[in-house]
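Geometric and topological summary
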Amino acid sequence: MREGTPRTVGIVWGLLVLNTLGSAGAKTIVPLPRSLIQMVTMGALAAAFALALAVNLRLRIRASAYVFLLTLLLVPSLISSANLESGFGALFRCARLALFVGTLWLLSRWWDGGLTFVRHHIRLYFAVLGSVAAGLVVSPGAALPDLYGGRLVGALWPLTPPQIGQYAAVIIGLTVLLVLGRRTDRTSAAVVIVPSLVLLALTHTRTATLGLLIGLALAIGSLVLTSAAARRFFAWAVLCAAVAAVALGSVLQAWFLRGQSKENFSSLTGRAKVWDALLAAPRTPSEQLFGTGLGDKSFGGLPIDNSWLAVYHEQGLTGVALVAAVFVVLGGVALLRPPSLSRACAIFLISYCAIASYTEAGLGDASPYLLHLAVAASLLAAPAPAPPAPPGVPRRRVPRWAQRSEVT
(Lines give C-alpha, C1' and ligand atoms only; values in the text may rest on other atoms or scores of the structure.)
Protein backbone atom coordinates (compact mmCIF):
# COMPACT_ATOMS: atom_id res chain seq x y z
CA MET A 1 0.00 0.00 0.00
CA ARG A 2 1.32 3.43 -0.88
CA GLU A 3 2.38 5.59 2.01
CA GLY A 4 -0.32 8.02 3.02
CA THR A 5 -3.25 5.82 1.95
CA PRO A 6 -5.22 4.57 4.97
CA ARG A 7 -5.91 0.86 5.23
CA THR A 8 -9.57 1.74 5.51
CA VAL A 9 -9.52 2.68 1.83
CA GLY A 10 -8.80 -0.95 0.96
CA ILE A 11 -11.73 -2.06 3.12
CA VAL A 12 -14.01 0.44 1.37
CA TRP A 13 -12.92 -0.89 -2.01
CA GLY A 14 -13.63 -4.44 -0.86
CA LEU A 15 -17.15 -3.43 0.20
CA LEU A 16 -17.74 -1.86 -3.23
CA VAL A 17 -16.61 -5.11 -4.86
CA LEU A 18 -19.01 -7.06 -2.64
CA ASN A 19 -21.86 -4.72 -3.56
CA THR A 20 -21.33 -5.28 -7.29
CA LEU A 21 -21.22 -9.08 -7.14
CA GLY A 22 -24.98 -9.18 -7.74
CA SER A 23 -27.75 -11.27 -6.26
CA ALA A 24 -28.78 -13.48 -9.19
CA GLY A 25 -26.87 -16.43 -10.55
CA ALA A 26 -26.44 -20.18 -10.25
CA LYS A 27 -27.87 -22.33 -7.47
CA THR A 28 -25.47 -22.52 -4.56
CA ILE A 29 -24.59 -25.53 -2.39
CA VAL A 30 -26.32 -23.89 0.56
CA PRO A 31 -29.41 -22.08 -0.80
CA LEU A 32 -29.15 -18.34 -0.18
CA PRO A 33 -32.39 -16.35 -0.32
CA ARG A 34 -32.12 -13.49 -2.78
CA SER A 35 -33.43 -11.10 -0.13
CA LEU A 36 -30.53 -12.08 2.14
CA ILE A 37 -27.98 -11.54 -0.65
CA GLN A 38 -29.48 -8.15 -1.48
CA MET A 39 -29.36 -7.21 2.19
CA VAL A 40 -25.65 -8.12 2.32
CA THR A 41 -24.73 -6.29 -0.90
CA MET A 42 -26.69 -3.15 -0.07
CA GLY A 43 -25.39 -3.21 3.49
CA ALA A 44 -21.88 -3.39 2.02
CA LEU A 45 -22.52 -0.26 -0.05
CA ALA A 46 -23.92 1.66 2.93
CA ALA A 47 -20.93 0.58 5.02
CA ALA A 48 -18.53 1.58 2.22
CA PHE A 49 -20.01 5.08 2.05
CA ALA A 50 -19.95 5.45 5.85
CA LEU A 51 -16.32 4.31 6.10
CA ALA A 52 -15.26 6.51 3.19
CA LEU A 53 -16.93 9.46 4.88
CA ALA A 54 -15.29 8.62 8.20
CA VAL A 55 -11.82 8.47 6.65
CA ASN A 56 -12.44 11.67 4.66
CA LEU A 57 -14.37 13.82 7.13
CA ARG A 58 -13.07 17.05 5.62
CA LEU A 59 -14.59 15.99 2.27
CA ARG A 60 -11.38 16.48 0.36
CA ILE A 61 -11.91 15.30 -3.20
CA ARG A 62 -9.95 15.53 -6.43
CA ALA A 63 -11.31 16.77 -9.70
CA SER A 64 -12.30 13.74 -11.77
CA ALA A 65 -14.00 13.96 -15.15
CA TYR A 66 -14.92 10.26 -14.82
CA VAL A 67 -16.83 10.62 -11.54
CA PHE A 68 -18.31 13.90 -12.75
CA LEU A 69 -19.77 12.14 -15.80
CA LEU A 70 -21.18 9.41 -13.56
CA THR A 71 -22.78 12.15 -11.46
CA LEU A 72 -24.37 13.59 -14.59
CA LEU A 73 -25.62 10.10 -15.44
CA LEU A 74 -27.78 10.31 -12.34
CA VAL A 75 -29.85 13.05 -14.02
CA PRO A 76 -31.46 10.96 -16.81
CA SER A 77 -31.68 8.06 -14.36
CA LEU A 78 -33.74 10.13 -11.93
CA ILE A 79 -35.88 11.77 -14.63
CA SER A 80 -36.87 8.44 -16.18
CA SER A 81 -37.20 6.57 -12.89
CA ALA A 82 -39.48 9.24 -11.42
CA ASN A 83 -42.22 8.12 -13.83
CA LEU A 84 -42.23 4.76 -12.00
CA GLU A 85 -42.60 2.99 -15.35
CA SER A 86 -40.13 0.42 -14.02
CA GLY A 87 -41.68 0.44 -10.54
CA PHE A 88 -40.36 1.70 -7.22
CA GLY A 89 -37.30 -0.49 -7.74
CA ALA A 90 -36.04 2.12 -10.22
CA LEU A 91 -35.84 4.77 -7.50
CA PHE A 92 -34.09 2.28 -5.23
CA ARG A 93 -31.50 1.64 -7.96
CA CYS A 94 -31.05 5.39 -8.40
CA ALA A 95 -30.31 5.72 -4.69
CA ARG A 96 -27.83 2.87 -4.98
CA LEU A 97 -26.09 4.54 -7.93
CA ALA A 98 -25.97 7.87 -6.06
CA LEU A 99 -24.39 6.19 -3.01
CA PHE A 100 -21.93 4.37 -5.26
CA VAL A 101 -20.87 7.57 -7.04
CA GLY A 102 -20.67 9.44 -3.72
CA THR A 103 -18.26 6.80 -2.39
CA LEU A 104 -16.07 7.19 -5.47
CA TRP A 105 -15.98 10.96 -4.92
CA LEU A 106 -14.79 10.40 -1.33
CA LEU A 107 -12.10 7.94 -2.48
CA SER A 108 -10.89 10.24 -5.26
CA ARG A 109 -8.74 12.01 -2.67
CA TRP A 110 -6.27 9.10 -2.93
CA TRP A 111 -6.23 8.87 -6.74
CA ASP A 112 -2.67 9.89 -7.53
CA GLY A 113 -1.62 7.85 -10.56
CA GLY A 114 -0.11 5.11 -8.37
CA LEU A 115 -0.84 1.39 -8.29
CA THR A 116 -2.61 1.29 -4.92
CA PHE A 117 -6.07 0.58 -6.33
CA VAL A 118 -4.67 -1.88 -8.88
CA ARG A 119 -3.29 -4.00 -6.04
CA HIS A 120 -6.59 -3.74 -4.12
CA HIS A 121 -8.44 -4.80 -7.27
CA ILE A 122 -6.25 -7.85 -7.81
CA ARG A 123 -6.36 -9.01 -4.19
CA LEU A 124 -10.11 -8.63 -3.80
CA TYR A 125 -11.14 -10.27 -7.05
CA PHE A 126 -8.62 -13.05 -6.44
CA ALA A 127 -10.39 -13.64 -3.12
CA VAL A 128 -13.69 -13.86 -5.02
CA LEU A 129 -12.16 -16.39 -7.40
CA GLY A 130 -10.90 -18.28 -4.36
CA SER A 131 -14.49 -18.79 -3.27
CA VAL A 132 -15.30 -20.08 -6.76
CA ALA A 133 -12.40 -22.54 -6.62
CA ALA A 134 -13.48 -23.66 -3.14
CA GLY A 135 -16.98 -24.35 -4.43
CA LEU A 136 -15.51 -26.36 -7.32
CA VAL A 137 -13.54 -28.51 -4.88
CA VAL A 138 -16.40 -29.00 -2.43
CA SER A 139 -19.09 -29.77 -5.03
CA PRO A 140 -17.95 -30.16 -8.65
CA GLY A 141 -21.50 -30.98 -9.73
CA ALA A 142 -22.89 -27.73 -8.36
CA ALA A 143 -19.97 -25.72 -9.76
CA LEU A 144 -20.29 -27.22 -13.26
CA PRO A 145 -24.08 -27.63 -13.65
CA ASP A 146 -25.81 -28.89 -16.78
CA LEU A 147 -28.06 -25.82 -16.65
CA TYR A 148 -25.10 -23.74 -17.81
CA GLY A 149 -23.78 -26.37 -20.21
CA GLY A 150 -21.08 -27.53 -17.83
CA ARG A 151 -19.57 -24.04 -17.50
CA LEU A 152 -18.09 -22.96 -14.17
CA VAL A 153 -20.40 -21.05 -11.82
CA GLY A 154 -20.20 -19.90 -8.21
CA ALA A 155 -21.31 -22.73 -5.93
CA LEU A 156 -20.81 -20.79 -2.68
CA TRP A 157 -21.96 -17.36 -3.90
CA PRO A 158 -24.28 -17.11 -6.94
CA LEU A 159 -21.89 -16.06 -9.72
CA THR A 160 -22.50 -16.69 -13.41
CA PRO A 161 -19.81 -17.85 -15.88
CA PRO A 162 -19.48 -14.38 -17.49
CA GLN A 163 -18.91 -12.83 -14.06
CA ILE A 164 -16.19 -15.32 -13.14
CA GLY A 165 -14.58 -14.97 -16.56
CA GLN A 166 -14.58 -11.19 -16.21
CA TYR A 167 -12.91 -11.22 -12.79
CA ALA A 168 -10.31 -13.76 -13.91
CA ALA A 169 -9.46 -11.89 -17.11
CA VAL A 170 -9.07 -8.54 -15.36
CA ILE A 171 -6.70 -9.74 -12.64
CA ILE A 172 -4.69 -11.83 -15.11
CA GLY A 173 -4.14 -8.81 -17.33
CA LEU A 174 -3.23 -6.49 -14.46
CA THR A 175 -0.86 -9.04 -12.90
CA VAL A 176 0.93 -9.61 -16.21
CA LEU A 177 1.49 -5.87 -16.51
CA LEU A 178 2.82 -5.67 -12.95
CA VAL A 179 5.34 -8.39 -13.79
CA LEU A 180 6.45 -6.54 -16.92
CA GLY A 181 6.81 -3.36 -14.89
CA ARG A 182 8.81 -5.24 -12.23
CA ARG A 183 6.31 -4.31 -9.53
CA THR A 184 5.86 -7.92 -8.41
CA ASP A 185 7.92 -11.10 -8.54
CA ARG A 186 7.18 -13.96 -10.90
CA THR A 187 6.32 -16.43 -8.12
CA SER A 188 3.62 -14.18 -6.67
CA ALA A 189 2.34 -13.48 -10.17
CA ALA A 190 2.14 -17.20 -11.00
CA VAL A 191 0.08 -17.81 -7.85
CA VAL A 192 -2.51 -15.38 -9.26
CA ILE A 193 -2.26 -16.02 -13.00
CA VAL A 194 -2.20 -19.84 -13.21
CA PRO A 195 -5.36 -20.63 -11.17
CA SER A 196 -7.15 -17.66 -12.73
CA LEU A 197 -6.37 -18.99 -16.21
CA VAL A 198 -7.79 -22.39 -15.21
CA LEU A 199 -10.99 -20.82 -13.93
CA LEU A 200 -11.28 -18.64 -17.05
CA ALA A 201 -10.95 -21.73 -19.26
CA LEU A 202 -13.64 -23.55 -17.24
CA THR A 203 -16.10 -20.68 -17.72
CA HIS A 204 -15.83 -20.88 -21.55
CA THR A 205 -16.38 -17.11 -21.60
CA ARG A 206 -15.47 -15.80 -25.05
CA THR A 207 -15.97 -12.11 -24.27
CA ALA A 208 -13.61 -12.20 -21.28
CA THR A 209 -10.98 -14.12 -23.26
CA LEU A 210 -11.08 -11.72 -26.20
CA GLY A 211 -11.08 -8.73 -23.84
CA LEU A 212 -8.02 -10.12 -22.06
CA LEU A 213 -6.07 -10.78 -25.27
CA ILE A 214 -6.93 -7.53 -27.03
CA GLY A 215 -6.60 -5.43 -23.89
CA LEU A 216 -3.17 -6.90 -23.11
CA ALA A 217 -2.04 -6.41 -26.72
CA LEU A 218 -2.94 -2.72 -26.57
CA ALA A 219 -1.47 -2.23 -23.08
CA ILE A 220 1.81 -3.97 -23.87
CA GLY A 221 1.95 -2.17 -27.20
CA SER A 222 1.96 1.11 -25.26
CA LEU A 223 5.13 -0.09 -23.45
CA VAL A 224 7.02 -1.55 -26.39
CA LEU A 225 9.05 1.59 -27.11
CA THR A 226 10.15 2.05 -23.48
CA SER A 227 10.31 -1.46 -21.99
CA ALA A 228 12.62 -4.28 -23.11
CA ALA A 229 10.58 -6.72 -21.00
CA ALA A 230 7.42 -5.69 -22.87
CA ARG A 231 9.14 -6.24 -26.22
CA ARG A 232 10.31 -9.72 -25.20
CA PHE A 233 6.90 -10.67 -23.83
CA PHE A 234 5.14 -9.41 -26.95
CA ALA A 235 7.46 -11.40 -29.22
CA TRP A 236 7.02 -14.59 -27.20
CA ALA A 237 3.24 -14.09 -27.03
CA VAL A 238 3.00 -13.77 -30.82
CA LEU A 239 5.15 -16.89 -31.30
CA CYS A 240 3.14 -18.95 -28.79
CA ALA A 241 -0.15 -17.77 -30.32
CA ALA A 242 1.01 -18.83 -33.79
CA VAL A 243 2.10 -22.27 -32.55
CA ALA A 244 -1.14 -22.76 -30.60
CA ALA A 245 -3.24 -21.75 -33.61
CA VAL A 246 -1.53 -24.40 -35.74
CA ALA A 247 -1.19 -27.23 -33.21
CA LEU A 248 -4.41 -26.73 -31.23
CA GLY A 249 -6.65 -25.11 -33.81
CA SER A 250 -9.44 -27.68 -33.60
CA VAL A 251 -9.38 -27.73 -29.80
CA LEU A 252 -9.51 -23.94 -29.59
CA GLN A 253 -12.35 -23.83 -32.11
CA ALA A 254 -14.36 -26.39 -30.12
CA TRP A 255 -13.78 -24.40 -26.91
CA PHE A 256 -14.79 -21.18 -28.62
CA LEU A 257 -18.00 -22.56 -30.17
CA ARG A 258 -19.07 -24.34 -26.93
CA GLY A 259 -21.00 -26.90 -28.97
CA GLN A 260 -23.34 -24.29 -30.45
CA SER A 261 -24.78 -24.39 -33.93
CA LYS A 262 -23.66 -21.82 -36.49
CA GLU A 263 -27.09 -20.15 -36.36
CA ASN A 264 -26.98 -19.85 -32.58
CA PHE A 265 -23.41 -18.59 -32.70
CA SER A 266 -24.18 -16.01 -35.40
CA SER A 267 -27.05 -14.63 -33.30
CA LEU A 268 -24.71 -14.35 -30.29
CA THR A 269 -26.57 -17.02 -28.33
CA GLY A 270 -29.91 -15.35 -29.02
CA ARG A 271 -28.80 -11.88 -27.97
CA ALA A 272 -29.38 -10.40 -31.42
CA LYS A 273 -33.08 -11.28 -31.28
CA VAL A 274 -33.51 -9.37 -28.02
CA TRP A 275 -31.56 -6.41 -29.41
CA ASP A 276 -33.70 -6.25 -32.55
CA ALA A 277 -36.90 -6.38 -30.50
CA LEU A 278 -35.65 -3.63 -28.17
CA LEU A 279 -34.72 -1.31 -31.04
CA ALA A 280 -38.03 -1.97 -32.82
CA ALA A 281 -40.18 -1.22 -29.77
CA PRO A 282 -42.09 2.10 -29.96
CA ARG A 283 -40.90 4.86 -27.63
CA THR A 284 -42.15 8.28 -26.66
CA PRO A 285 -39.80 11.25 -27.16
CA SER A 286 -39.21 11.31 -23.40
CA GLU A 287 -38.34 7.60 -23.31
CA GLN A 288 -36.01 8.02 -26.26
CA LEU A 289 -34.20 10.89 -24.58
CA PHE A 290 -34.15 9.70 -20.94
CA GLY A 291 -35.14 6.01 -21.09
CA THR A 292 -37.65 4.04 -19.05
CA GLY A 293 -35.81 4.10 -15.71
CA LEU A 294 -33.22 1.90 -14.05
CA GLY A 295 -34.22 -1.75 -14.12
CA ASP A 296 -32.71 -5.22 -14.17
CA LYS A 297 -31.13 -4.79 -17.63
CA SER A 298 -33.75 -6.94 -19.35
CA PHE A 299 -36.32 -6.47 -22.10
CA GLY A 300 -39.39 -8.64 -22.48
CA GLY A 301 -38.17 -10.84 -19.65
CA LEU A 302 -34.86 -11.59 -21.40
CA PRO A 303 -31.44 -10.12 -20.52
CA ILE A 304 -30.25 -7.36 -22.86
CA ASP A 305 -26.55 -8.30 -22.50
CA ASN A 306 -25.31 -5.15 -24.20
CA SER A 307 -24.26 -2.12 -22.18
CA TRP A 308 -25.10 0.41 -24.87
CA LEU A 309 -28.59 -0.92 -25.53
CA ALA A 310 -29.22 -1.37 -21.80
CA VAL A 311 -28.27 2.28 -21.21
CA TYR A 312 -30.40 3.35 -24.17
CA HIS A 313 -33.36 1.38 -22.79
CA GLU A 314 -33.04 2.67 -19.21
CA GLN A 315 -31.37 6.11 -19.55
CA GLY A 316 -32.06 7.01 -23.18
CA LEU A 317 -29.82 8.76 -25.66
CA THR A 318 -28.65 11.11 -22.91
CA GLY A 319 -27.23 8.18 -20.97
CA VAL A 320 -25.59 6.74 -24.09
CA ALA A 321 -23.90 10.09 -24.77
CA LEU A 322 -22.58 10.29 -21.19
CA VAL A 323 -21.24 6.72 -21.23
CA ALA A 324 -19.58 7.38 -24.59
CA ALA A 325 -18.04 10.53 -23.08
CA VAL A 326 -16.54 8.38 -20.31
CA PHE A 327 -14.61 6.30 -22.84
CA VAL A 328 -13.64 9.34 -24.91
CA VAL A 329 -12.29 11.19 -21.86
CA LEU A 330 -10.46 8.24 -20.29
CA GLY A 331 -9.11 7.05 -23.64
CA GLY A 332 -8.02 10.55 -24.63
CA VAL A 333 -6.21 11.14 -21.34
CA ALA A 334 -4.49 7.74 -21.61
CA LEU A 335 -3.24 8.55 -25.09
CA LEU A 336 -1.85 11.90 -23.94
CA ARG A 337 0.05 10.44 -20.97
CA PRO A 338 3.72 9.45 -21.46
CA PRO A 339 4.43 5.69 -21.51
CA SER A 340 4.36 4.19 -18.02
CA LEU A 341 3.09 1.16 -16.17
CA SER A 342 0.12 3.11 -14.79
CA ARG A 343 -0.86 4.19 -18.29
CA ALA A 344 -0.60 0.61 -19.58
CA CYS A 345 -2.85 -0.72 -16.81
CA ALA A 346 -5.38 2.03 -17.55
CA ILE A 347 -5.34 1.21 -21.27
CA PHE A 348 -5.94 -2.46 -20.47
CA LEU A 349 -8.94 -1.70 -18.24
CA ILE A 350 -10.48 0.80 -20.65
CA SER A 351 -10.02 -1.58 -23.60
CA TYR A 352 -11.45 -4.53 -21.70
CA CYS A 353 -14.57 -2.63 -20.63
CA ALA A 354 -15.10 -1.31 -24.17
CA ILE A 355 -14.91 -4.82 -25.63
CA ALA A 356 -17.07 -6.40 -22.93
CA SER A 357 -19.72 -3.71 -23.36
CA TYR A 358 -20.85 -5.39 -26.60
CA THR A 359 -22.12 -8.57 -24.90
CA GLU A 360 -22.37 -7.54 -21.23
CA ALA A 361 -24.47 -4.89 -19.48
CA GLY A 362 -23.39 -2.70 -16.58
CA LEU A 363 -21.98 0.62 -17.76
CA GLY A 364 -25.07 2.57 -16.73
CA ASP A 365 -25.39 1.33 -13.16
CA ALA A 366 -23.23 0.35 -10.18
CA SER A 367 -21.25 -2.62 -11.49
CA PRO A 368 -17.76 -4.15 -11.66
CA TYR A 369 -17.25 -2.37 -14.98
CA LEU A 370 -17.61 1.02 -13.32
CA LEU A 371 -15.09 -0.14 -10.69
CA HIS A 372 -12.65 -1.19 -13.44
CA LEU A 373 -12.98 2.24 -15.03
CA ALA A 374 -12.59 3.89 -11.61
CA VAL A 375 -9.24 2.11 -11.23
CA ALA A 376 -8.31 3.40 -14.71
CA ALA A 377 -9.27 6.93 -13.64
CA SER A 378 -7.10 6.62 -10.51
CA LEU A 379 -4.16 5.51 -12.67
CA LEU A 380 -4.56 8.47 -15.01
CA ALA A 381 -4.87 11.06 -12.24
CA ALA A 382 -1.98 13.48 -11.96
CA PRO A 383 0.19 12.96 -8.85
CA ALA A 384 -0.75 15.22 -5.96
CA PRO A 385 1.65 18.14 -5.53
CA ALA A 386 4.15 17.74 -2.71
CA PRO A 387 3.53 19.97 0.32
CA PRO A 388 5.89 22.95 0.52
CA ALA A 389 8.94 22.52 2.73
CA PRO A 390 8.95 24.44 6.03
CA PRO A 391 11.01 27.65 6.06
CA GLY A 392 14.70 27.05 6.62
CA VAL A 393 14.58 23.38 5.62
CA PRO A 394 16.60 22.70 2.43
CA ARG A 395 14.77 20.85 -0.34
CA ARG A 396 15.88 17.30 -0.89
CA ARG A 397 17.65 16.73 -4.18
CA VAL A 398 16.13 13.97 -6.33
CA PRO A 399 18.75 12.01 -8.33
CA ARG A 400 18.33 11.70 -12.09
CA TRP A 401 17.68 7.95 -11.99
CA ALA A 402 14.71 8.47 -9.67
CA GLN A 403 13.17 10.95 -12.10
CA ARG A 404 12.96 8.43 -14.91
CA SER A 405 9.77 6.76 -16.04
CA GLU A 406 8.32 3.90 -14.02
CA VAL A 407 9.06 1.47 -16.88
CA THR A 408 12.58 1.24 -18.32
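Residues numbered from 1 in each chain as written. Predicted model: local features only at pLDDT ≥ 70, side-chain atom pairs only at ≥ 80, totals over all residues. Heavy atoms only, no water.

1. Brief notes about the pattern of salt bridges
Short version of the rule: Salt-bridge detection follows one rule: a side-chain nitrogen of Lys or Arg within 4 Å of a carboxyl oxygen of Asp or Glu. By the criteria applied, helices consist of DSSP H or I runs no shorter than four residues and strands consist of E runs no shorter than two, each listed in order from the N terminus. The buried label goes to any residue with under 20% of its type's maximum accessible area, the exposed label to any with over 50%, and the partly exposed label to all in between, with areas taken from a 1.4 Å probe on protein chains only.
By the definition in use, this model includes three salt bridges. A salt bridge links arginine 271 to aspartate 305; the shortest N-O distance between them is 3.5 Å. Here arginine 271, found in helix α13 (residues 271–280), pairs with aspartate 305, found in the loop between β2 (302–303) and α15 (307–336); they are 34 residues apart in sequence, far enough to count as distant. You can call arginine 271 buried: its relative accessible area is 16%.

2. Overview of the nonpolar core
The nonpolar side chains of soluble globular proteins are, as a tendency, buried together. Applicable threshold: The term nonpolar core refers to a set of buried residues drawn from Ala, Val, Leu, Ile, Met, Phe, Trp, Tyr and Cys, joined through side-chain atoms within 4.5 Å.
Residues Trp13, Tyr66 and Leu104 are the most contacted members of the largest nonpolar core, which totals 98 residues. When residues of this core are assigned to their parent elements, the largest contribution, 12 residues, is made by helix α7 (residues 161–180). Counting six residues, the second largest nonpolar core, distinct from the first, contains Leu278, Leu309, Ala310 and Tyr312.

3. Points about helix α4 (residues 88–107)
Residues that lie three or four places apart on an α-helix share one face, since the helix turns once every 3.6 residues. Note the threshold: By definition here, a helix of n residues has an expected span of 1.5 Å times n minus one. Throughout, a contact is declared for two residues whenever any of their heavy atoms are within 4.5 Å.
The end-to-end C-alpha distance of α4 is 29 Å, a good match for the 28 Å that 20 residues give at a rise of 1.5 Å each. Looking only at α4, the buried set comprises Ala90, Cys94, Arg96, Leu97, Phe100, Val101, Gly102, Thr103, Leu104, Trp105, Leu106 and Leu107. Structurally, α4 contributes buried residues whose contacts are with α1 (7–19), α2 (34–55), α3 (65–81), α5 (116–138) and α17 (368–380).

4. Describing the packing of α3 against α4
The angle between the axes and the distance between the axes are what describe a pair of packed helices. Basically, it comes down to this: What counts as an axis is a line fitted to C-alpha atoms, over the stretch in contact for a helix, and the angles between N-to-C directions run from 0 to 180 degrees. What sets the label is the angle itself: under 35 degrees gives roughly parallel, over 145 gives roughly antiparallel, 65 to 115 gives roughly perpendicular, and the rest give oblique. If you view the pair so one helix is near and one far, a crossing is left-handed when the near helix is turned anticlockwise from the far one by less than a right angle, and right-handed when it is turned clockwise. Amino acids outside the nonpolar list (Ala, Val, Leu, Ile, Met, Phe, Trp, Tyr, Cys, Pro) and the charged list (Asp, Glu, Lys, Arg) are all regarded as polar, and Gly is one of them.
Between α3 and α4, the least distance of the axes is 10 Å, while the angle of their chain directions is 165 degrees. Viewed along their axes, α3 and α4 adopt a mutual orientation that is roughly antiparallel. Like other packed secondary-structure pairs, α3 and α4 cross with a definite hand, here left-handed. In this structure, α3 uses Tyr66, Val67, Phe68, Leu70, Thr71, Leu74, Ser77, Leu78 and Ser81 to contact α4, whose residues at the interface are Ala90, Leu91, Cys94, Leu97, Ala98, Val101, Leu104 and Trp105. Grouping the amino acids of the contact of α3 with α4 by side-chain chemistry returns 14 nonpolar, three polar and no charged.

5. What about a positive patch on the surface?
Rules: The residues that make up patches have over 30% relative accessible area and no salt bridge, and they are joined within 9 Å when like-charged or within 5 Å when they are Val, Leu, Ile, Met, Phe, Trp or Tyr. Residue exposure ignores everything except the shown protein chains as possible cover, and the areas themselves are Shrake-Rupley values with a 1.4 Å probe. Positive charges come from Lys and Arg, negative ones from Asp and Glu, while His and the chain ends are left out of the count. A charge is said to be at NZ when it belongs to Lys, at CZ for Arg, at CG for Asp and at CD for Glu.
Positive charge collects at one region of the surface, where Arg182, Arg186, Arg231 and Arg232 lie side by side. Position of arginine 182 among the secondary structure elements: in the loop between α7 and α8 (186–203).

6. Brief notes about the side chain of threonine 205
Short version of the rule: Any N or O atom pair separated by 3.5 Å or less is treated as a polar contact, with the protein-specific requirement of one donor-capable and one acceptor-capable atom, and with residues adjacent in sequence counted only for side-chain atom pairs.
With respect to the secondary-structure elements, threonine 205 resides in the loop between α8 and α9 (206–221). With relative accessibility at 5%, the residue threonine 205 sits in the buried group. Of the polar contacts made by the side chain of threonine 205, one reaches the side chain of arginine 151; its length is 3.5 Å.

7. Some details on the confidence of the model for the protein
Rule in force here: Per-residue confidence from the predictor is given as pLDDT, running between 0 and 100.
When the pLDDT values of the protein are averaged, the result is 86; 87% of them are 70 or greater. Confidence drops under a pLDDT of 50 for residues 401–408, and excluding neighbours within four residues, the segment shows 15 contacts in the predicted structure.

8. Thoughts on α2
Worth spelling out the cut-off: It is the directions from the helix axis to the C-beta atoms that the arc portrays.
Look at α2: 31 Å from first C-alpha to last across 22 residues, which is about the 32 Å you get at 1.5 Å a residue. Residues Ile37, Thr41, Ala44, Leu45, Ala48 and Ala52 constitute the buried set of α2. For α2, the angular spread of the buried residues around the axis is 90 degrees, confining them to a single face. In α2, the exposed positions that point more than 90 degrees away from the buried face belong to Ser35 and Met39. Contact partners of the buried residues in α2: α1 and α4.

9. Focus: the packing of α13 against α15
Where α13 contacts α15, the axes come no closer than 11 Å and their chain directions differ by 30 degrees. Between α13 and α15, the angle falls in the class roughly parallel. Remark: the crossing between α13 and α15 carries left-handed chirality. Two secondary-structure elements touch here, α13 through Trp275, Leu278 and Leu279 and α15 through Leu309, Tyr312 and His313. Taken together, the residues of the contact of α13 with α15 sort by class into five nonpolar, one polar and no charged.

10. A word on unusual backbone geometry
Residue leucine 59 is not a glycine yet carries a positive backbone phi of 55 degrees. Residue placement: leucine 59 occurs in the loop between α2 and α3. Positive phi, normally seen in glycine, also occurs at arginine 182, with a value near 60 degrees.

11. Some words on a nonpolar patch on the surface
Taken together, the side chains of Ile29, Val30, Leu32, Leu36, Met39, Val40, Val137, Val138 and Leu156 make up a nonpolar region of the molecular surface, amounting to roughly 800 Å² of accessible area. Contributing elements (two or more residues each) for the nonpolar patch: α2 and α5. The dominant element in the nonpolar patch, judged by the number of residues it contributes, is α2, at three residues. Locating leucine 156 in the fold gives a position in the loop between α6 (140–143) and α7. The class of leucine 156 is partly exposed, set by a relative accessible area of 37%.

12. So, the side chain of threonine 41
Locating threonine 41 in the fold gives a position in helix α2. Once residues lying within four places of it in the same chain are set aside, the contact partners of threonine 41 are Leu18, Asn19, Gly22 and Trp157.

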